[in-house]
Each structure stands twice: as structure tokens, then as C-alpha cells.
Amino acid sequence: MKSLILIIITGALINNVVLNQFLGICSFLGVSKQMKASASLGGAVIFVITIASAVASLLYDYVLAPLGMDFMKTIVFILVIAALVQIVEMFLKKTSPGVYKALGIYLPLITTNCAVLGVALTNVQDGYNFIESVFSGFGTAVGFTLAIVLLASIRTRIREEDIPAPLRGAPIVLISAALMSIAFMGFSGLSF
Amino acid sequence: MQIIIITTLVIAVIGIVVGAGLVFTGKKFHVDVDERESAVRECLPGNNCGACGFAGCDALAAAIAAGNASVNACPVGGAPVAQKIGKIMGQTAEAVEGKVAFVRCKGSCDVTHNQGNYVGIKDCRSAVLSGLNVTDCAYGCLGFGSCAAVCPQDAIRVVDGVAMVVRKKCVGCGLCVKACPRGLIELVPASKRVIVQCSNKDRGPQVKKVCSAGCIGCMLCTRQCESDAIHVTNNLASIQYENCTQCGKCAEKCPVKVITPPPGA
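About the thresholds
Residues numbered from 1 in each chain as written. Chains lettered and ligands numbered in written order. Predicted model: local features only at pLDDT ≥ 70, side-chain atom pairs only at ≥ 80, totals over all residues. Helix = DSSP H or I, 4+ residues; strand = E, 2+ residues; numbered from the N terminus. Buried ≥ 20, exposed ≤ 12 C-beta atoms within 10 Å, placed from the backbone. Contact = placed C-beta atoms within 7 Å. Axes fitted to C-alpha atoms, helices over the stretch in contact; angles between N-to-C directions. Left-handed = near helix turned anticlockwise from the far one by under 90°. Nonpolar A, V, L, I, M, F, W, Y, C, P; charged D, E, K, R; others polar. Expected span 1.5 Å × (residues − 1). Parallel < 35°, antiparallel > 145°, perpendicular 65-115°, else oblique. pLDDT = per-residue confidence, 0-100. Core = buried A, V, L, I, M, F, W, Y, C linked by C-beta atoms within 7 Å. Pairing = 2+ DSSP bridges.

Visitor: Would you explain the overall build of chain B in this entry?
Guide: Along its length, chain B carries 10 helices and 6 strands. Among the 265 residues that make up chain B, the fraction classed as buried is 34%.

Pasting the structure below:
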């Protein structure tokens, strides 16, 4: 139990997927203009990454590893994750239109989010079993949500400020993200 | 060699399984989307003004497709849009006449005085909230253009201290009506040109003091009207547009020329 909690904390803070591993930067910068949108995207990412890491882990343990097809894991994971997101989208559309409306447009966006693939591959690399993979995926996704919501709130503040002209727009966002990244480096001092 | 074959086979099997899964879920969880909804949405103007009372064009399209709104519910699109939507929904649409906004004040700088001591934010609502004296006329246009600021069509200009609606651009969404803190703007049928251009409810002498173009409530127009369309209530003439025949006799007789004449007069 203790190790599972550690996996979540490690995924969310110490090895933050955006600020420490630099995965999923595209949606991190693209969808962080507004709090609401970024929180919705974060919710969708938590949903998808948790399911994707579960499926990827099963697939790896029971299909790829026994057949010695370790080298194909990237391609297989891409294939399966893309299809999985589609299925989840259709499922949500039918069963819970409310959730679909909240997350709907972000789900296809996540299909191509490298953070999802990154988590699945990192789980394999770290030799996690099924349960550990799910927790690691969940923790990582929480880390992504944390990072994007933090950046969105910083950006809403930045918008009101008097910023030097050459830095307006994308540059100041990148600087803020870099400072966040440095701040998150503080967590790497945590050791259990 | 063997590993290549195994890999190819396994990937093919995974691909087929995934594809079959997608087809299966696609069939199983198929959601019927009302095609009429998207067709109706195509016809609507799409400026999401909310004049229909629904939250934007998407919401109105959904309501029309579900039968909760009439096909002519969009006041902006007017008759042409109503006909198109009627075709899609299989109904004949009664034409709704489009409306345009009209600012009922004629108090430009040369006819009224503006000895106001208001120096705050240049916004009508702030000016009214301040309680300070902005215009001599307590009913007149403040001229800061809060209505122009909310207009999605850029159809309102403040000329000479009075807001004016550019009829060609106005779509009748009514956002300016809500924005005017003095309630000067009303939506009038687009074909009607004869309109009383004043909102002052004071008695004649008081109106005279503050504005030379204000309605003094003399009732000459009422006597001129043959179709019982113009009445004076609270010292202010107002026209009932459904009765008005646009003859323009009231405009001719008006001593302060506050009634706009019909086109061509």
C-alpha cells in the first residue's frame, strides 16, 4: 500500500510529466488559456491515462512480453490507445451525455497526447505490474492536471499585468512554465 | 525470420481486434443525432446574440429540431431564415418582420445643453450610477456609447452627442436595448419609419427649457392621425406601430419636428 502511494506522489510531483519529463507540452501550452478548459482537459487526461495504462500493462504482460515482441511496444501502444480513446468517447456519448459534453472535445485531442504514450512506456520501463501501472498512470495524470491548472491560473493573472512588449504572448508563458519547472525540481530532493 | 512473421501476425490480429471493437462499439453505442438540428443550425445567422431567448444559435437549433421553438424564432434572420428552416422542418413559416433598434432621443449638442459636471468613466451606466448631472434632460441620450460598445454588428454610432442606429447594419438583437441605462432604445418593425424621437416625460415648458427638439406633449399629432395610431401619454407622444400607416401627417404637423418623417417625404 505504501509503495502505491509513493508511486502516485512520484508520478504527480517528483517526476511530473510536464514539468520534469517535458511530455504533453503541446496541450499544456495550448489549452491553458482558461481555467475551466484546462480543468476539463485535466479531467479527461486523468480518465484516459488511467484506462490507457491499465490496458497497455495488460497487453504488455500477456501478449507482447511472452511473444518476445518487446521492440514493438511503441507501435502497439499507439494503435491500442488511439482506438481506446475512440471507444471511450462513443461509450460516454451514449451513456453519460453530461460527462461527454464536459470532456467531449478534449478526448480526441488526448489521443495524440504524447503524455499518454509516455506513461504507458515508462510503466513498462520501470517494470510495474498491473496495479502499479494503474496507480502510476493515475498519479502522472494528476500531475499533468496540477501543472496545467497552475499554468492556467498564472496566465489569467499575467493577462492583467503590464508586460514588456517583446515578452507579451507566448514568450512570457514559456518563461512562466520554465519557472514552474524549476520550482518543481525542488521535489526531486524528496527521498523515501 | 520467424520473429518477423510472428510480429506481423500479432500486429495484424491486434489491428483486426481493435477494428472490430471499434465497429462493435460504434454500432452498439450509436447515438441518433437529429440531422435536422445541424441543418437548422446551418441556416441560422450564427452570431450567437441570444435575441431568440436561447443560449446561442446551437441551443435554438436544438430547440427548433425538438419542436420546442417555432421555425421563425430567430428575429435576426427574419423571414428568409424562417422559410429555409420551415422547409427543413416541413412547415410553412409565417414571415416575422425583422426589427431594428431605434434611439428615441434627438438631443444633439445644438438643440440641448450639456452643462454636466460628470467627469468620470466614459460609460453611460457609470454616469447614471454616479447620480451627477450629465445632460440637462433627465431622459436624454448620454452619448457615451454604451449601446455602441455592446453592439455585435457595429451598427450604432454616437453622432453629435446622440447615439444613432445604422438601420442597414442592425439585426434587431436587442442587446443595446438592455445596455441603455435610460431605456431610450426600442425595437421597431423594420418597415416603420415614422417614430417619435423623444423619451422626455416632463411637461411641455420644462422640456422646452432643456431641449428645443423634445416632445412637448401638444397632441397636435394625435389630432392629425387618421388611423388612431399616435397617442400622448405622460406628456409624450408614442406610436402604435400596428396601426400606423406611415402617412407622415403627424411628422409634418409636429411643431418641434421630433417625429421622423416617412422616407421620401
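Having put the structure on the table, let's press on.
Visitor: Before we go on, may I ask you to explain the overall build of chain A in this structure?
Guide: When you go through chain A residue by residue, the secondary structure sums to 9 helices and 0 strands. In chain A, the succession of α and β elements from N to C terminus is α-α-α-α-α-α-α-α-α. When the 192 residues of chain A are sorted by exposure, 40% land in the buried category. Within chain A, residue pairs in contact and separated by at least 24 positions form 79% of the contacts whose partners lie at least 6 positions apart.

Visitor: Just to check I follow, could you spell out the environment of Val 18 of chain B for this structure?
Guide: If you trace the backbone, Val 18 of chain B turns up in helix H1 (residues 2–28). Classification of Val 18 of chain B by C-beta neighbours within 10 Å gives partly exposed; the count is 18. Among residues more than four places away in sequence, those in contact with Val 18 of chain B are Leu 79, Val 80 and Ala 83 of chain A.

Visitor: Quick question: what am I supposed to make of the packing of helix H1 (residues 2–14) of chain A against helix H8 (residues 130–160) of chain A here?
Guide: Two packed helices can be described by the angle between their axes and the distance between those axes. Residues and elements named next belong to chain A. At a closest axis distance of 7 Å, the pairing of H1 and H8 adopts a crossing angle of 35 degrees. Every pair of crossing elements has a handedness; the one defined by H1 and H8 is right-handed. Of H8, the residues touching H1 (which contributes Leu 4, Ile 7, Ile 8, Ile 9, Thr 10, Gly 11, Ala 12 and Leu 13) are Glu 132, Phe 135, Ser 136, Phe 138, Gly 139, Thr 140, Val 142, Gly 143 and Leu 146.

Visitor: Whenever I open this one, the interface of chain B and chain A confuses me. Can you help?
Guide: At the junction of the two partners, chain B supplies 14 residues and chain A supplies 15 residues. Partitioned by chemical class, the residues of the side of chain B that touches chain A number 9 nonpolar, 5 polar and no charged.

Visitor: Hey, could you run me through unusual backbone geometry in this one?
Guide: What is expected of a backbone is that most residues other than glycine have negative phi and most peptide bonds are trans. Phi at Phe 22 of chain A takes a positive value of approximately 60 degrees, unusual for a residue other than glycine. Position of Phe 22 of chain A among the secondary structure elements: in the loop between H1 and helix H2 (25–30). The backbone of Met 219 of chain B shows a phi angle near 70 degrees, a positive value even though the residue is not glycine. Assignment of secondary structure puts Met 219 of chain B in the loop between helix H8 (204–210) and helix H9 (220–224).

Visitor: Can you help me understand helix H7 (residues 114–125) of chain A in this one?
Guide: Given 3.6 residues to a turn, an α-helix orients residues that are three or four positions apart in the same direction. Residue and element names in this part refer to chain A. Here H7 contains 12 residues, and its C-alpha end-to-end distance of 16 Å stays within 8% of the 16 Å for a straight helix at 1.5 Å per residue. Three or more residues of H7 are buried, namely Ala 115, Val 116, Leu 117, Val 119, Ala 120, Thr 122, Asn 123 and Val 124. Looking at the buried positions of H7, the neighbouring elements they touch are helix H3 (35–64), helix H4 (73–95), helix H6 (106–111) and H8. Looking one or two residues past H7, Gly 127 carries a phi angle of roughly 65 degrees, positive in sign.

Visitor: It is not clear to me how the packing of helix H2 (residues 35–43) of chain B against helix H3 (residues 56–65) of chain B should be interpreted in this structure. Could you clarify?
Guide: All names here are of chain B. At a minimum axis distance of 8 Å, the contact between H2 and H3 shows a crossing angle of 135 degrees. Between H2 and H3, the interaxial angle falls into the category oblique. Once H2 is placed against H3, the crossing between them reads as right-handed. In contact with Arg 36, Glu 37, Val 40 and Arg 41 of H2, H3 contributes Cys 57, Asp 58, Ala 61, Ala 62, Ile 64 and Ala 65. Residue classes in the contact of H2 with H3 are distributed as 6 nonpolar, no polar and 4 charged.

Visitor: Can you walk me through the confidence of the model for chain B in this structure?
Guide: Residues and elements named next belong to chain B. Residues at a pLDDT of 70 or more form 95% of chain B, whose mean pLDDT is 83. The least confident element of chain B, judged by mean pLDDT, is helix H4 (residues 78–89) at 79; the most confident is strand E3 (residues 162–165) at 90. Interface predicted TM-score (ipTM) for the complex: 0.71; the corresponding pTM is 0.55.

Visitor: Even after reading the chapter, I still don't get the nonpolar core, so can you show me in this structure?
Guide: Nonpolar side chains tend to gather and get buried jointly when the protein is soluble and globular. Leu 60, Ile 64, Val 103 and Cys 215 of chain B are the most contacted members of the largest nonpolar core, which totals 69 residues. Among the elements that make up this core, the one with the highest residue count is H3 of chain B (5 residues). Beyond its immediate sequence surroundings of up to four residues, Ile 64 of chain B is in contact with Val 40, Ala 69, Val 71, Ala 73, Ile 85 and Met 89 of chain B. Residues Leu 41, Met 72, Phe 138 and Phe 184 of chain A belong to the second largest nonpolar core, which totals 48 residues.

Visitor: Explain the pairing of strand E5 (residues 230–233) of chain B to me, please; I cannot follow it from the model alone.
Guide: The two faces of a sheet get side chains in turn, since along a regular strand they alternate between them. Residue and element names in this part refer to chain B. As judged from the 4 bridges shared by E5 and strand E6 (residues 236–239), these two strands associate in the antiparallel manner. Pairing of Thr 233 across the sheet is with Leu 236, part of E6. In sequence, E5 turns back onto E6 through a hairpin of 2 residues, with Asn 234 there showing a positive phi of about 55 degrees.

Visitor: What is the right way to look at the environment of Leu 29 of chain A in this model?
Guide: By the secondary structure assignment, Leu 29 of chain A is in helix H2. Each C-alpha atom, one on Leu 29 of chain A and one on Val 173 of chain A, is 7.8 Å from the other, the two residues being 144 residues apart in sequence.

Visitor: Help me understand the environment of Lys 168 of chain B, please; the structure alone is not making it clear to me.
Guide: Along the chain, Lys 168 of chain B falls in the loop between E3 and helix H7 (175–179). When the C-alpha positions of Lys 168 of chain B and Ala 155 of chain B are compared, they lie 8.0 Å apart, and in sequence the two are 13 residues distant.

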